[in-house]
Amino acid sequence: MGKENQDSNQKKDNDLLEYHNDLINQAIASTDANESLPAQEFYTIATSLLSEAGVLDNVSEEDSFHHRNPNFGTQIDGWSWNELEKTIYGIVTEFNNDPEEIKSINRAGIETLGKRVAKLFESVGKESFLEKIAYDEEATLNEIKDFIDVAVKFRIVVLTNCSISSRVTKSGIKLEKIQGKETSIEVWDLSRLMELEYGGLDSTPTLINFEELYGKGLTALATNSNELSQKSYLCVLPGQYLSDLYHEYGQRLLQSNVRSFLEFRGLSNKGMRDTLLREPENFFMYNNGITVTASSHKIKTVGKELMITELQNMQIVNGGQTTAAIYFAPKESGGPRTMDGNLKWSDIDLNKVSVQMKLTILEDEEEAPVMTAKISQYSNTQAAVTKADLISNHPLHLRIEKMSRKTSVVGSEGLPTKWFYERSRGQYTVQLRQRRTPARKRQFQAEYPKKQKFVKTDMAKYENTWRMNPDEVCWGAQKNLQLLGKELTREWGKNDDAFRETFFQDLIAKAILFKTLDTEINRAQWYKEARGYKAQTVTHSLALLRHLVHQQNKEIKLSRIYSNQALSEDFLSEALKLSHHVVVTSI
C-alpha cells in the first residue's frame, strides 16, 4: 500500500511540474505578441480560467492594473466588481519563472501580498497617494474608488504558480478589515489552477464540515434504496447556515444552478422577504426549499437521528433565489411600507428560519453532469424556467463539439488542422495529457493547435458580435452566453437543421474575424499609445463594420474567410481603420 501511495504521489508531482512548465511556456509565448511581461501573461491565463468558471465576474484585459509601488507598499494586478454581492475583488499575482523548480509560498508571503492590495484599497481616496502615482493610473484608481464607496465586502485573490501546503490552506489566512468592511482572502496556487483547468470547478471541491462549523450535522432522512448509484436525503438546513455558506462562497455555491437571483422584484421574492421578517418560524412550511447535489458526504447516527456531517462540492441546483433572499434580506435598508412602521429588514432573525433541503449525492463523475442537468430541469418549479436557461446542457453544444472533432481545415501553411471546441472545461488539456509520449503530444497539437481552441463563452462572443449585439457582448462572458443562449435555443427549436455544417463553418469564420482583429489591434501603434478597452473595441468595430456593409445591401463573405482561414489584407486594413475610428470617437 505504501508503494502505491508513493507512486501516486510521484505521478502527481510529475504532473504538477509539467503543468508548471506549460504555464511558463504559455506566458512566455504571449509576451512577444502582446509586448508584455510573463507575469502579466500569467495573470491573463489565470483570470481567464477563474472568470470562465464563474469564480470571478467580468474580469477582462481592461481590468488588469499592474501596479507596484514599494514606497507605499501597494500592489495589485487586477480587480473585479460583483454587482449582486456588492463585493470588490482585488487580484494580485506571484509568478515563478523558473521551469526547473516549483517554489513554495508560505503564510507570511501570502499575507504580505494581501496587505499590499489592502493598502492600495485604503489609499485610493487619499490625495497624498494620488499625487505621487503615475498619471495613467489615476483614472483606474478613481473608478475603483467609486465601487469601494458602495461595496459591502472585499475579497483579495492571490494567483500564483507557486505551491502552498494544505496545512496553510486549511488553517485560513486572515486580513484586517478594509475601510471597516469585511475582508477575506483566497489563494489559487499551482495545484488548484491545474485542477480547475483539467476538470473545471467540480475538480476543486468545496469541503463543508458542518460539525466543525456549527457543532453538529444536518438532520436528514434517507429517501432511496442503497442499491441505487445515487443516494438522496431530505434535510433540515438552518437559515443561518445557508446565509453563512453563501457569504463564504457566493455565487460559486450556485455554480450548477440554472437561474440567477432576481433581487426582490418578483412576487415570490418579496413574499420570501416578508415571511422572513414576519413569520420566520413558518418559512420552512411556506417555501419549497432548495435542491442540492454533492460529490460525496459523511453521515452518522445520533440517537435515532441520521445526521449529514460533511459535504464535498456542495452545489445548489435549484433554490438560488431562496438562498440569496435569505442572505440579502437582512441586509436591506428600511422596512416594509405598511402600518408596521417599526419593522426593519435588519430585524430578520435567521436563527428562527429553517429550509428544506433535498440532497443528492452524485459519486459517479461521468454520470454526475447528466444527473445534475436532469435535477436542474425537473426540480425548477418555483418559477418558470425555460429551456434557454439550460443552454449549457443543450444538444447544440454537443453538435458543435462533434463537428469540431471531424472537420479539417487547411490554413496558410498548407497543413490540415482542426478547431477544437471545448464544450466542458479542461477537455483540451486532458486529451493532450492522455498522449503520454512527446511525439503523440506534438501530433495532437499539430492537429488541434492551441490557438484554434475555443470555449462556449468564446462561441457566444463571436456569434453575438456577428449578430451586431456588441453591448450584450460587453456585459461579460457568462451574461452574454446566457442572453445568446435564449435565442439559439429558440432557433434550435424551430429548425435544428440550421445548425449543421454551414453553421459550424460560419462560426469558425466569425472566430477568425474576431481573433484576427483582436491580434492586429494589439499590434497597432495607435493602440500601443493608449491601451485599454480592446475587447469592447473589437466587438463594436466588427458589429459596426457589418452594419455598414448591410447599408450597401452587401454581406461579409464568411465562406471565403473559412476557405482561406484568414482575412484578406485589404479587408483587415479597412477593419483596423474602422477600429481606430471607434476608439477615437468613444474617447
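All values derive from a computational prediction rather than experimental measurement.

Engineer: Could you give me a rundown of the overall build of the protein chain, with the residues and numbers involved?
Structural biologist: From N to C terminus, the protein chain includes 24 helices and 17 strands. The burial tally for the protein chain puts 48% of its 587 residues in the buried class. Put simply, of all contacts in the protein chain between residues at least 6 apart along the chain, 72% involve residues at least 24 apart. Of the accessible surface of the protein chain, which amounts to about 29,700 Å², a share of 48% is contributed by carbon and sulfur atoms.

Engineer: Before we move on, can you summarise the packing of aromatic side chains with the specific residues and values?
Structural biologist: Taken as a whole, this structure holds 22 aromatic pairs when the rule is applied. Between tryptophan 419 and phenylalanine 454, the aromatic rings sit 6.2 Å apart at their centres with planes inclined by 75 degrees, giving edge-to-face as the arrangement. Highlighted residues: tryptophan 419 in the loop between strand 15 (416-418) and strand 16 (420-422) and phenylalanine 454 in strand 17 (residues 453-455), separated in sequence by 35 residues. Taken individually, tryptophan 419 and phenylalanine 454 each receive the classification buried, so the pair is uniform in this respect.

Engineer: How would you summarise the pairing of strand 9 (residues 290-294) if you had to cite specific residues and measurements?
Structural biologist: Counting buried residues along strand 9, 5 of its 5 residues qualify, which places the element largely inside the surrounding structure. Side chains Ile290, Val292 and Ala294 project from strand 9 onto one buried face, and the interleaved Thr291 and Thr293 project onto a second face that is buried too. Across 5 bridges, the pairing between strand 9 and strand 13 (residues 354-361) is parallel. Residue threonine 291 lies in a different strand from strand 13, and its bridge partner there is lysine 358.

Engineer: An account of helix 19 (residues 477-494) is needed here, citing residue identities and associated values.
Structural biologist: For helix 19, spanning 18 residues, the distance from its first C-alpha to its last is 26 Å, which sits close to the expected 26 Å at 1.5 Å a residue. If you follow the buried residues of helix 19, they end up packed against helix 14 (395-406), helix 17 (456-466) and helix 18 (470-473).

Engineer: So, the pairing of strand 2 (residues 74-82): which residues are in play, and what are the values?
Structural biologist: The element strand 2 is extensively covered by neighbouring structure, given that 9 of its 9 residues are classed as buried. Sheet topology note: the strand 2/strand 3 (residues 87-94) ladder contains 5 bridges and is antiparallel. Within strand 3, the position partnered with glycine 78 by the bridge is isoleucine 91. Where strand 2 folds back on strand 3, the antiparallel hairpin that results is connected by 4 residues, among which lysine 86 adopts a positive phi of roughly 50 degrees.

Engineer: Give me the lowdown on the pattern of salt bridges, citing residues and values where you can.
Structural biologist: Within this structure, the stated rule accounts for 24 salt bridges. Residue glutamate 18 is joined to lysine 441 by a salt bridge in which the shortest nitrogen-to-oxygen separation is 2.2 Å. Here lysine 441 lies in helix 16 (residues 438-447) and glutamate 18 lies in helix 1 (residues 2-34), a separation of 423 residues in the sequence. Given the relative accessible area of 26%, glutamate 18 is considered partly exposed. Given the relative accessible area of 18%, lysine 441 is considered buried. With a closest N to O distance of 2.7 Å, glutamate 491 and arginine 467 form a salt bridge. Here glutamate 491 is found in helix 19, whereas its partner arginine 467 is found in the loop between helix 17 and helix 18, with 24 residues between them in sequence.

Engineer: Give me the lowdown on unusual backbone geometry, citing residues and values where you can.
Structural biologist: A positive phi angle, near 60 degrees, is found at asparagine 313, a position not held by glycine. With respect to the element layout, asparagine 313 can be found in the loop between strand 11 (305-312) and strand 12 (315-318). Look at asparagine 313 and you get buried, because its relative accessible area is 9%.

Engineer: Requested: an account of the nonpolar core, with residues and values cited.
Structural biologist: Most often, soluble globular proteins have nonpolar side chains that are buried together. If you look at the biggest cluster of nonpolar residues, it comprises 44 residues, and the most contacted ones within it are Ile400, Phe454, Met459, Leu517 and Ile561. Those elements that provide at least two residues to this core are helix 14, helix 17, helix 19, helix 20 (501-523), helix 21 (525-528), helix 22 (534-551), helix 23 (558-564) and helix 24 (569-586). It is helix 20 that contributes the most residues to this core, 11 residues altogether. For phenylalanine 454, the residues in contact, after removing those within four places along its chain, are Trp419, Phe420, Tyr421, Glu422, Met459, Tyr462, Leu507 and Ile508. Counting residues in each nonpolar core, the second largest holds 40 residues, with Leu84, Phe283, Leu311 and Ala324 among its members.

Thresholds, definitions, all that
- Residues numbered from 1 in each chain as written.
- Predicted model: local features only at pLDDT ≥ 70, side-chain atom pairs only at ≥ 80, totals over all residues.
- Heavy atoms only, no water.
- Helix = DSSP H or I, 4+ residues; strand = E, 2+ residues; numbered from the N terminus.
- Buried < 20%, exposed > 50% of the residue type's maximum accessible area, 1.4 Å probe, protein only.
- Contact = heavy atoms within 4.5 Å.
- Areas by Shrake-Rupley, 256 points an atom, 1.4 Å probe, with all protein chains shown as cover.
- Phe/Tyr/Trp six-rings, centres within 6.5 Å; stacked < 30°, edge-to-face > 60°.
- Pairing = 2+ DSSP bridges.
- Expected span 1.5 Å × (residues − 1).
- Salt bridge = Lys/Arg side-chain N within 4 Å of Asp/Glu carboxyl O.
- Core = buried A, V, L, I, M, F, W, Y, C linked by side-chain atoms within 4.5 Å.

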